[in-house]
Each structure stands twice: as C-alpha cells, then as structure tokens.
Amino acid sequence: MKIVVIQGPNLNMLGVREQNVYGSMKLEDIHTQMKAYADQNKLEIEFFQSNLEGEIVDRIQECLGDADGIIINPAAYTHTSIAIRDAIAAVQIPTIEVHLSNIHQREEFRHVSLTAPVCAGQILGMGPFGYHLAMVGMKQILSEVAAMRARVQNAQAQAK
Ligand code: DQA
C-alpha cells in the first residue's frame, strides 16, 4: 500500500517561517518521522512539495492507479484552490488534509477549506504531530479498504 504526501506552498520554509505559528520543526524532519512510521507498518511512502498550484494538481493526478492514499497540506491553496479540490475529487483516492495550525483560530480568510469537503478527514491545530495522526488515520482507512476488497473478492469467488 502506497501513501503520497503532498505539501503546498511555503511549507518548504518550515523551521524558518513564523515559528510562533508553525513551530521550529523542518519539513524534512517531519518527513523522516513519517517515513519511520511507514517503514514500521510496511507502507510505501513518497513525498512531494511545491509552491505551484498546477504542479500540485499534476501530482494528485499522477496518484491515479499508483497511490492508495494521499496526505495533503494544501497550505494557502486550501482557502483558494478549486483546481486542487477538483483533482482530489477526480482521483477518488482516500485523502486526509493536515494543517499545522488551527485555521479556525486565525484570520477569517483561513476559516474556509475548499478542499476539506472532498477529503476523508481533516486534522488541524496539532503542529507536526498532526502528520503522525494522519499516518495512523490513513493506515486505518487502508486496512478497511483492504478488508472490503477481500470481502468483495470472496463474494465474487463464491458466486462463480
Ligand atoms: C497551513 C494553514 C494555511 O492557512 C497557511 O496558508 C499555511 C499553512 C497550516 O498548516 O497550518 O501555509 O496550511
């Protein structure tokens, strides 16, 4: 089972940008922890960061037929991007949205997520630990999907 982690604009600056909001952990350190959890749980994982909306749309589309789950922090595009929302809806791959900060405690323009309605779930306000929670949540979703597939296969085999 493969998870693709997609990080939106300015998340490459974690550890430098607004530490009072986002903390001091660097993106690569968050990814190292996610990789360790993936290895422990025999999950394949790939990481992608872009500051460009179209590149994020392309990466989501590339998940089709390749990834079983997506963990995404669309960053500022959360609040503006119909294109990223449509891409998530198009691929129909279980997706978990993560935000380091609690977007509801912040400026009003951050209160709305255009992407959350097409995601399986949303984790926010937990800092870098939110990515770990997303991994745990995704593992659960993927095991439920695998169990459902096995039940369908069994039923099909019995119907023959
Ligand atoms: C963010 C919240 C967004 O509003 C902001 O534009 C970001 C980061 C978060 O992780 O808290 O860049 O997605």
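Preceding this paragraph is the structure being described.
Residues numbered from 1 in each chain as written. Predicted model: local features only at pLDDT ≥ 70, side-chain atom pairs only at ≥ 80, totals over all residues. Heavy atoms only, no water.

Even after reading the chapter, I still don't get helix H4 (residues 82–91), so can you show me in this structure?
For an α-helix the count is 3.6 residues per turn, leaving residues at separations of three or four pointing the same way. The complete set of buried residues in H4 reads Ile84, Ala87, Ile88 and Val91. The arc enclosing the buried residues of H4, seen along the axis, measures out at 95°, which places them on a common side. Set apart from the buried face of H4 by more than 90 degrees, the exposed residues are Ile82 and Ala90. Buried residues belonging to H4 abut helix H3 (53–62), strand S3 (69–73) and strand S4 (95–99). The N-capping residue of H4, defined by a side-chain oxygen 3.4 Å from the backbone nitrogen of Ala83, is Ser81. Positioned one or two residues after H4, Gln92 has a phi angle of 55°, which is positive. (Buried < 20%, exposed > 50% of the residue type's maximum accessible area, 1.4 Å probe, protein only. Helix = DSSP H or I, 4+ residues; strand = E, 2+ residues; numbered from the N terminus. Arc of directions from axis to C-beta. Contact = heavy atoms within 4.5 Å. Polar contact = N/O pair within 3.5 Å; in protein donor to acceptor, adjacent residues only side chain to side chain.)

Which parts of the structure should I look at to understand the packing of H3 against H4?
What describes two packed helices is the angle between their axes and the distance between those same axes. At a minimum axis separation of 9 Å, H3 and H4 run at an interaxial angle of 5°. In this view, H3 runs roughly parallel relative to H4, as classed from their interaxial angle. Only Ala83, Ile84, Ala87, Ile88 and Val91 of H4 make contact with H3, whose side of the interface consists of Glu53, Ile56, Val57, Ile60 and Gln61. (Axes fitted to C-alpha atoms, helices over the stretch in contact; angles between N-to-C directions. Parallel < 35°, antiparallel > 145°, perpendicular 65-115°, else oblique.)

What am I meant to see in the site of the ligand here?
Taken together, Arg17, Tyr22, Asn73, Ala75, Ala76, His79, His99, Leu100, Ser101, Ile103, Arg106 and Arg110 are the residues near the ligand. Within the contact set of the ligand, an oxygen atom lies 2.7 Å away from a side-chain nitrogen or oxygen of His79. For the ligand, an oxygen atom lies 2.6 Å from a polar atom in the side chain of Ser101. Residue composition of the shell around the ligand, grouped by class: 5 nonpolar, 4 polar and 3 charged. (Near = heavy atom within 4 Å. Nonpolar A, V, L, I, M, F, W, Y, C, P; charged D, E, K, R; others polar.)

Explain the sheet that holds strand S5 (residues 121–124) here, please?
Strand pairing in a sheet relies on backbone hydrogen bonds, with the paired strands running either antiparallel or parallel. Spatially, S2-S1-S3-S4-S5 is the arrangement adopted by the 5 strands of the open sheet, whose pairing is parallel. Each of the sheet's edge strands pairs with one partner strand only, and the pair in question is strand S2 (44–49) and S5. The mean inter-strand angle of the sheet, taken between neighbouring strand axes irrespective of direction, is 20°. Two strands pair when backbone bridges link them, and strand S1 (residues 2–7) and S3 are joined in this way by 5 bridges, in the parallel orientation. (Pairing = 2+ DSSP bridges.)

Please clarify how the state of the cysteines should be interpreted in this entry.
Such a bond, covalent and formed between the sulfur atoms of two cysteines, is termed a disulfide. Evaluation of the coordinates by the stated rule reveals 0 disulfides. With no disulfide of its own, Cys63 lies closest to Cys119 among cysteine sulfurs, the gap being 12 Å. Judged by its relative accessible area of 12%, Cys119 is buried. (Disulfide = S-S within 2.5 Å.)

Help me out: how do you make sense of the pattern of salt bridges in this one?
The tally for this structure, following the rule as stated, stands at 7 salt bridges. In this structure, the salt-bridge partner of Lys2 is Asp66, at a minimum N-O distance of 2.9 Å. Here Lys2 is found in strand S1, whereas its partner Asp66 is found in the loop between H3 and S3, with 64 residues between them in sequence. Residue Asp66 is classed as partly exposed on the basis of its relative accessible area, which comes to 36%. The partner of Arg106 in a salt bridge is Glu107, and the shortest N-O contact between them spans 3.9 Å. According to the relative accessible area criterion, Arg106 is buried, its value standing at 18%. We classify Glu107 as partly exposed; its relative accessible area is 35%. (Salt bridge = Lys/Arg side-chain N within 4 Å of Asp/Glu carboxyl O.)

Could you clarify how one ought to interpret the pairing of S1 in this entry?
Both faces of the sheet carry side chains from a regular strand, because those side chains alternate between them. Most of S1 is tucked away, with 6 of its 6 residues classed as buried. Residues Lys2, Val4 and Ile6 point to one face of S1 and Ile3, Val5 and Gln7 to the other, with burial holding for every one of them. Of the strand pairs in this sheet, S1 and S2 are connected by 6 bridges, and their pairing is parallel. When the sheet's bridge partners are listed, Gln7 is paired in S2 with Gln49.

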